[in-house]
Amino acid sequence: YSLGLFFKGGGPVPAKHSNRSRYSLPVLVNLLCLGLLLSSSAETLLDDFLLTYTVFMTTDDLCQALLRQYPFTESCNHQGKEDDSDVSCRKRKVLHLVSQWTSLYKDWLHEDEHLKQFLKTIYRNVLDDVYEYPILEKDLKEFQKILGMHRRHTVDEYSPHRKNKTFFQQFSVKENWLQHRGTVNETEEVFCRVYITEHSYVSVKAQVSTSAQEILKIVAEKIQYPEEELALVTVSFSGEKHELQPNDLAISKSLESSSRMFVYRRDLTDSLNPFSENEELQQRSVRILGINTWDLALELTNFDWSLFNAIHEQELIYFTFSRQGSAENTENLSLLLQRCNEVQLWVATEILLCSQLCKRVQLVKKFIKIAAHCKAQRNLNSFFAIVMGLNTASVSRLSQTWEKIPGKFKKLFTELESLTDPSLNHKAYRDAFKKMKSPKIPFMPLLLKDVTFIHEGNKTFLDNLVNFEKLHMIADTVRSLRHCRNNQFGNEVPSKEHHELKPYIHHLHVIDNQQALFELSHRIEPRA
């Protein structure tokens, strides 16, 4: 096994998959026929390889291997072993693989120094070669698109008399694709938890450059409290408190690991006091009851789609194999998983903070309808979360509430519950989801479970060779994201009459402590 370039299938391989059993990178490159592909299996093989190569080799390994496959003009002329058509074909095949790689990964590898240097080197090589091999001009233009080059050269400019220095200087100035993502980091979005009490928080989706004042405004609107009477305070795990000033950056990964952010009340003497759990229960109003259920579901779907659509396929690979620091390589996936968990907690929180029985019954009915609408909108992520929220032990024990739910709602809920039945490996869900047209949002935890099951049930290496059949199965599962995202949602906009709908859905107020939820449950419906 050298640089992970030789692949071997694990166990008896069916005939239809036997062509994937053993490949070296030279064979892989030769399988790529430009213009007319020999078969779709060659493209599938390439896609499998590019999706999963990080499992058995580094990006630097792949860059070096591709450079070895790119025939340098000087060495070809010196050895005289290949004619011009073979050399140009090999060059184009390597460039095709690089094009597919950068297209698949998009901005995923922008900060990888090895890839930056590799692309510079390949680009210079093509500049050297295009005069002798004019057929490469099309590939050069494709490369310029990949790199975000603004200038389009002509073949005359590739004359041997015009050396690389001038071109490379132009390239260095205009390498938009390769620029460091410092500016992107400022616009990166995260879920920021602002605690109202010890066990409840408002989940705020915001950019890392968001100021404390902006965060405070969102929270004040959410809890219906005058902004000028509130303050953001970081409380370290040792108990130290620090008030954030309006222009301070509110979001910091280092801060998140050592403290939590709270919103405190500012009294007449300007001293800061925390909210109590009882105050939250008394002051909360049930705003959700006045909002149309289809609009609620639609806003949930639009929000989930923005998270789901941002996930890179590679994030599922990193999440499963936990290579090179899983957290920083699975940021978008983590956001959707966190959102799923928070929607489940939100359902339980809304119901358990409603002390009036009649309104609590209306809330349960409303959530059942929202779940049905999410299913109709093909958002299975929020659908599962809402059903699981209604089935939370602290909610399902509310016998007085459930007794007053009309029969037709109970029947509907039973039908919805059947889709979440885990028996026969979630057959009910899988059959229903398969029939749904794209675009659609899968229940992401189950998709991750499928990838993990393949990973844990099959060895990655056999006899010092990579078990590529296993990687094909993983890549095939990950590719299901493409089918789900074949089309874009129609961007249907909820009714304008509910101006507070977006902030209400985007910034959920939840209780994240199961013991606190049970205490609320027993307070509103004591044990008989």
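Before reading on, note that the structure itself is shown above.
Scope of this entry: the structure provided in the associated data block. Quantities reported herein were computed from a predicted structural model and do not represent experimental measurements. (Residues numbered from 1 in each chain as written. Predicted model: local features only at pLDDT ≥ 70, side-chain atom pairs only at ≥ 80, totals over all residues. Heavy atoms only, no water.)

## Quick look at the overall build of the protein chain
Then comes step 1: On a plain count of helices and strands, the protein chain comes out with 27 helices and ten strands.
Then comes step 2: Looking at the 528 residues of the protein chain, the share that counts as buried comes to 51%.
Then comes step 3: When contacts within the protein chain are restricted to residue pairs at least 6 apart in sequence, long-range pairs at least 24 apart make up 72% of them.
Then comes step 4: For the protein chain, the accessible area works out to roughly 25,100 Å², and carbon and sulfur atoms hold 51% of it. (Helix = DSSP H or I, 4+ residues; strand = E, 2+ residues; numbered from the N terminus. Buried < 20%, exposed > 50% of the residue type's maximum accessible area, 1.4 Å probe, protein only. Contact = heavy atoms within 4.5 Å. Areas by Shrake-Rupley, 256 points an atom, 1.4 Å probe, with all protein chains shown as cover.)

## A word on the environment of Ser-259
Then comes step 1: When you line up the elements, Ser-259 lands in strand β6 (residues 259-266).
Then comes step 2: The class for Ser-259 is buried, based on a relative accessible area of 7%.
Then comes step 3: Ser-259 sits 19 residues away from Glu-240 along the chain, and the two C-alpha atoms are 8.9 Å apart.
Then comes step 4: With residues up to four places along the chain from it excluded, the contact list for Ser-259 reads Thr-234, Val-235, Ser-236 and Phe-237.

## Observations regarding the packing of helix α13 (residues 293-309) against helix α16 (residues 331-352)
Then comes step 1: It is the contact of α13 with α16, at a shortest axis distance of 9 Å, that shows an interaxial angle of 155°. The angle between α13 and α16 places the two elements in the roughly antiparallel class. In this structure, the crossing between α13 and α16 has a hand that is left-handed. Facing Leu-300, Phe-303, Asp-304, Leu-307 and Phe-308 of α13, the residues of α16 in contact are Leu-335, Leu-336, Arg-339, Val-343 and Trp-346.
Then comes step 2: Each residue belonging to the contact of α13 with α16 can be placed in one class, and the counts come to eight nonpolar, no polar and two charged. (Axes fitted to C-alpha atoms, helices over the stretch in contact; angles between N-to-C directions. Parallel < 35°, antiparallel > 145°, perpendicular 65-115°, else oblique. Left-handed = near helix turned anticlockwise from the far one by under 90°. Nonpolar A, V, L, I, M, F, W, Y, C, P; charged D, E, K, R; others polar.)

## Topic: the pattern of salt bridges
Then comes step 1: What the rule picks out here adds up to 16 salt bridges.
Then comes step 2: Where Arg-479 meets Asp-48, a salt bridge forms, and the shortest distance between an N and an O atom there is 2.7 Å. Linking Arg-479 in the loop between α24 (468-478) and α25 (480-484) with Asp-48 in helix α2 (residues 40-52), this pair joins segments that are 431 residues apart in sequence.
Then comes step 3: Residue class for Arg-479 comes out buried when judged on its relative accessible area of 15%. (Salt bridge = Lys/Arg side-chain N within 4 Å of Asp/Glu carboxyl O.)

## Points about the nonpolar core
Then comes step 1: Trp-101, Phe-118, Trp-346, Phe-367 and Ile-386 are the most contacted members of the largest nonpolar core, which has 124 residues in total.
Then comes step 2: With eleven residues, the top contributor of residues to this core is α16.
Then comes step 3: With residues up to four places along the chain from it excluded, the contact list for Ile-386 reads Leu-300, Val-343, Val-347, Phe-367, Ile-370, Ala-371 and Cys-374.
Then comes step 4: Residues Cys-192, Val-194, Leu-230 and Ala-250 belong to the second largest nonpolar core, which totals 22 residues. (Core = buried A, V, L, I, M, F, W, Y, C linked by side-chain atoms within 4.5 Å.)

## A short note on the packing of aromatic side chains
Then comes step 1: This model, assessed by the stated rule, comprises 18 aromatic pairs.
Then comes step 2: Their ring planes at 35° and their centres at 6.1 Å tell us that Phe-191 and Phe-303 sit as a pair that is tilted. Placement of Phe-191 in strand β2 (residues 189-195) and of Phe-303 in helix α13 is noted, with a sequence separation of 112 residues between them. Residue Phe-191 shares its accessibility class with Phe-303, and that shared class is buried.
Then comes step 3: Both rings, one in Phe-384 and one in Phe-443, keep their centres 4.1 Å apart while their planes meet at 10°; by these two values the pair is stacked. Of this pair, Phe-384 sits in helix α18 (residues 380-390) while Phe-443 sits in the loop between α22 (423-435) and α23 (444-457), placing them 59 residues apart in sequence. As far as burial versus exposure is concerned, Phe-384 and Phe-443 are alike and both buried.
Then comes step 4: Ring-pair connections join several aromatic residues into one group, and the members of that group are Phe-49, Tyr-53, Phe-56, Trp-101, Tyr-105 and Phe-118. (Phe/Tyr/Trp six-rings, centres within 6.5 Å; stacked < 30°, edge-to-face > 60°.)

## Describing unusual backbone geometry
Then comes step 1: Residues Ser-438 and Pro-439 are joined by a peptide bond in cis, for which omega reads 0°.
Then comes step 2: Within the secondary structure, Pro-439 is located in the loop between α22 and α23.
Then comes step 3: A positive phi angle, near 65°, is found at Arg-378, a position not held by glycine.
Then comes step 4: With respect to the helices and strands, the residue Arg-378 is situated in the loop between α17 (357-376) and α18.
Then comes step 5: Within the chain, Asn-425 stands out as a residue other than glycine whose phi angle is a positive 55°.

## What to know about the side chain of Gln-314
Then comes step 1: Within the secondary structure, Gln-314 is located in helix α14 (residues 313-321).
Then comes step 2: With sequence-adjacent residues up to four places away left out, Gln-314 is seen in contact with Leu-51, Leu-104, Tyr-105 and Trp-108.

## Considering helix α27 (residues 514-524)
Then comes step 1: Those residues of α27 that sit buried are Ala-516, Leu-517, Leu-520, Ser-521 and Ile-524. Buried residues of α27 fall within an arc of 140° about the axis and therefore sit on the same side.
Then comes step 2: The residue sitting at the N-terminus of α27 and contributing the capping side-chain oxygen is Asn-513; that oxygen lies 3.0 Å from the backbone nitrogen of Gln-515. (Arc of directions from axis to C-beta. Polar contact = N/O pair within 3.5 Å; in protein donor to acceptor, adjacent residues only side chain to side chain.)

## So, the packing of α14 against α23
Each packed pair of helices is defined by two parameters, the angle between the axes and the distance between the axes.
Then comes step 1: Two elements in contact, α14 and α23, have axes separated by 10 Å at closest approach and are oriented at 55°. Between α14 and α23, the interaxial angle falls into the category oblique. Where α14 crosses over α23, the two elements pack in a sense that is right-handed. Only Leu-447, Leu-448, Val-451, Thr-452 and His-455 of α23 make contact with α14, whose side of the interface consists of Leu-316, Phe-319, Thr-320 and Phe-321.
Then comes step 2: Here the residues of the contact of α14 with α23 sort into six nonpolar, three polar and no charged.

## A word on the pairing of β6
Then comes step 1: In this sheet, β6 lies alongside β2 in parallel orientation, the contact comprising two bridges. For Tyr-195, the partnering residue across the bridge sits in β6 and is Phe-262.
Then comes step 2: As judged from the seven bridges shared by strand β4 (residues 230-236) and β6, these two strands associate in the antiparallel manner. Along β6, the bridge assignment pairs Leu-230 with Arg-265.
Then comes step 3: Sheet analysis places β6 next to strand β7 (residues 272-274), joined by three bridges and oriented antiparallel. The residue bridging Tyr-264 from the neighbouring strand is Pro-274, located in β7.
Then comes step 4: Counted between consecutive antiparallel strands, the loop separating β6 from β7 contains five residues, among which Asp-270 sits at a positive phi close to 70°. (Pairing = 2+ DSSP bridges.)

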